[in-house]
There are 2 protein chains.
Amino acid sequence: MKENAYNNPGFFEKYSKMARSVKGLEGAGEWHELKKLLPDFNDRRVLDLGCGYGWHCAYASDHGAKTVTGVDLSSRMLQEAARRNKRENITYIQSAMEEFQTEARSMDAVISSLAFHYVENFTELTEKIYDWLVPGGSFVFSVEHPVFTAYGSQDWYYGTDGEILHFPVDHYYYEGKREAAFLGEKVIKYHRTLTTYVETLLKTGFSLKALVEPMPPESMMDLPGMKDELRRPMMLLIAAEKG
Amino acid sequence: MKENAYNNPGFFEKYSKMARSVKGLEGAGEWHELKKLLPDFNDRRVLDLGCGYGWHCAYASDHGAKTVTGVDLSSRMLQEAARRNKRENITYIQSAMEEFQTEARSMDAVISSLAFHYVENFTELTEKIYDWLVPGGSFVFSVEHPVFTAYGSQDWYYGTDGEILHFPVDHYYYEGKREAAFLGEKVIKYHRTLTTYVETLLKTGFSLKALVEPMPPESMMDLPGMKDELRRPMMLLIAAEKG
């Protein structure tokens, strides 16, 4: 059984109160940048790995996708997806990303939002995704940035008066498991270097179309703590194409 | 006049004692990785921007290049290049990288080692390089990593007993001038995000062939401080191809 904090009732309750859960895509600080990297969904078969509440599935469906498959490990997340983002051509499937299987060349686009840092073996998953895509197919995903995952705690380094001094980086080349506190719960994530993300894609046969470290949009800059998001990268967005 | 610490006698004296100055390529911790990204030089016209002592120029010449042009701002560096790495088909030219000009499609490969973090306008230089290259031409360079340049001081964060705690990241999205201490001298460098490096290349028309954050080789791990180099990325190597 894969790690699944999202099915833990306490964690799920807190997650449900985050802006991205309440407001959907418009509540996510990276959405304005991720949106630009998405392919034309018109008449496409789309797979969303780690679909959560299904916001991206609904977006693909509403933008003309032929079929959308949303995969998530958490039954609680999928219950919310069925409630909030039900569409006739979306199929939600309960499965670990790593265990999901579908046919070769059966997908035109694979997307994933903030889920791959829960995956231990990125190479294996990337090879499967390459296989599932048609030639020319799109692979677009967001993950927590290696700068954000390296140290482990995912927290700022504070001065004696509790003020933020900077963000700490350590253990960068030591890839693997990290225990971070997220919404007050202990969550296991996997740190990988930027080299691993990019070189895995290139060596699998993908070409890189975009690599973006998103800044929060101007419209969110007045929210508490948001200006600090200009002090270190927190997310990494990548768009690739099957050669 | 562009920044030129390398022509300052005190700085130059210290630089001349670094392993990469004494031993050449084999003394540079990133060389074993950079070497893998270099194109076949056979019968190629090669341009090296910020060539320093000319080690990479000599390598290209010794590996079959038809002509090699080495450009550097510092007359002291070029004197050393002429002394240590003179070859019949290498021309050393004293010029700021930003002011150098050559004809469109006159180069098969452009390389640069640890020089672009001294350049303020990376976009302008990238567009010129694209212009100078023939279609299918190679562009391979190393720079200081954005994680290394963001904070400014380029130093570890130390505990009360002088022990290394971690490497600090701050001001990440604030690109531009940084004052760092290098070999005891104040040096002006320019911080850019990873997004800027990669997106500038892609938007100019290059395709990305490799992106590597080099680790020091096993053979150097016993040198003082080298194990700490596994705690944060210091360099970024990029290979791109003109589409």
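A brief look at the structure comes next.

Calculation rules
- Residues numbered from 1 in each chain as written.
- Chains lettered and ligands numbered in written order.
- Predicted model: local features only at pLDDT ≥ 70, side-chain atom pairs only at ≥ 80, totals over all residues.
- Heavy atoms only, no water.
- Helix = DSSP H or I, 4+ residues; strand = E, 2+ residues; numbered from the N terminus.
- Rg over C-alpha atoms; globule rule 2.2 N^0.38 Å.
- Buried < 20%, exposed > 50% of the residue type's maximum accessible area, 1.4 Å probe, protein only.
- Contact = heavy atoms within 4.5 Å.
- Areas by Shrake-Rupley, 256 points an atom, 1.4 Å probe, with all protein chains shown as cover.
- Lys, Arg positive; Asp, Glu negative; His and termini not counted.
- Charge placed at Lys NZ, Arg CZ, Asp CG, Glu CD.
- Pairing = 2+ DSSP bridges.
- Axes fitted to C-alpha atoms, helices over the stretch in contact; angles between N-to-C directions.
- Least-squares fit on C-alpha atoms with pLDDT ≥ 70 in both.
- Arc of directions from axis to C-beta.
- Polar contact = N/O pair within 3.5 Å; in protein donor to acceptor, adjacent residues only side chain to side chain.
- Core = buried A, V, L, I, M, F, W, Y, C linked by side-chain atoms within 4.5 Å.

## Some points on the overall build of chain A
Now for step 1: Each helix and strand counted, chain A has eight helices and eleven strands in total.
Now for step 2: In terms of overall size, chain A behaves like a compact globule, its C-alpha atoms giving a radius of gyration of 18 Å where 243 residues would be expected to give roughly 18 Å.
Now for step 3: With respect to the principal axes defined by its C-alpha atoms, chain A has extents near 55 × 40 × 40 Å.
Now for step 4: A buried classification covers 60% of the 243 residues belonging to chain A.
Now for step 5: Look at the contacts in chain A between residues 6 or more apart in sequence, and 66% of them connect residues 24 or more apart.
Now for step 6: When the accessible area of chain A is evaluated, it comes to approximately 10,400 Å², of which 48% is carbon and sulfur surface.
Now for step 7: For chain A, the distance from the average position of its 28 positive side-chain charges to the average position of its 35 negative side-chain charges is 3 Å.

## Let's talk about the sheet that holds strand β3 (residues 90-94) of chain A
Strand pairing in a sheet is mediated by backbone hydrogen bonds. Such pairs are either parallel or antiparallel.
All names here are of chain A.
Now for step 1: Judged by pairing direction, the sheet is mixed, and its seven strands sit side by side in the order β3-β2-β1-β4-β5-β11-β10 without closing on themselves. Because the sheet does not close on itself, it has two edges, and the strands there are β3 and β10 (206-212). Going from strand to strand, the sheet's axes swing by 15 degrees on average, the running direction of each strand aside.
Now for step 2: Taken together, the seven bridges between strand β5 (residues 133-144) and strand β11 (residues 235-242) define a ladder with antiparallel strand orientation. Counterpart to Ser-142 in the pairing with β11 is Leu-237.
Now for step 3: Docked against the sheet, helix α6 (residues 122-132) engages β1 (45-49), β4 (107-113), β5, β10 and β11, running at close to 145 degrees with respect to β5.

## Comments concerning the relation of the copies chain A and chain B
Now for step 1: You can overlay chain A on chain B at an RMSD of 0.0 Å; the transform is a turn of 180 degrees with a shift of 0.0 Å along its axis. Taken together, the rotation and translation relating the two chain copies correspond to the operation of a two-fold axis. Using C-alpha coordinates, one finds that chain A approaches the rotation axis most closely at A:Pro168, a distance of 2.5 Å.
Now for step 2: Looking at chain A, 100% of its interface residues are interface residues in chain B too, so the copies touch through the same face.

## Considerations on the environment of B:Leu38
All names here are of chain B.
Now for step 1: Here Leu-38 lies in the loop between α3 (31-37) and β1 (45-49).
Now for step 2: Relative accessible area serves as the criterion here: at 15%, Leu-38 is assigned to the buried category.
Now for step 3: In the structure, Leu-38 is positioned 101 residues away from Phe-139 in sequence and 8.6 Å away in space, judged by C-alpha atoms.

## Looking at helix α6 (residues 122-132) of chain B
Given 3.6 residues to a turn, an α-helix orients residues that are three or four positions apart in the same direction.
All names here are of chain B.
Now for step 1: Residues Phe-122, Leu-125, Thr-126, Lys-128, Ile-129 and Trp-132 constitute the buried set of α6. Considered in projection along α6, the buried side chains sweep an arc of 160 degrees and stay on one side of the axis.
Now for step 2: Buried residues along α6 sit in contact with β1, β4 (107-113), β5 (133-144), α8 (194-204) and β10 (206-212).
Now for step 3: Near the N-terminus of α6, the side chain that reaches the backbone nitrogen of Thr-123, with its oxygen 3.3 Å away, is that of Asn-121.

## Details of the nonpolar core
Now for step 1: In terms of nonpolar packing, the biggest core is built from 78 residues, with A:Leu49, A:Phe116, A:Ile129, B:Leu49, B:Phe116 and B:Ile129 touching the most fellow members.
Now for step 2: Every residue in contact with A:Ile129, bar those within four places of it in the chain, is listed here: A:Leu49, A:Val110, A:Phe116, A:Phe139 and A:Phe206.

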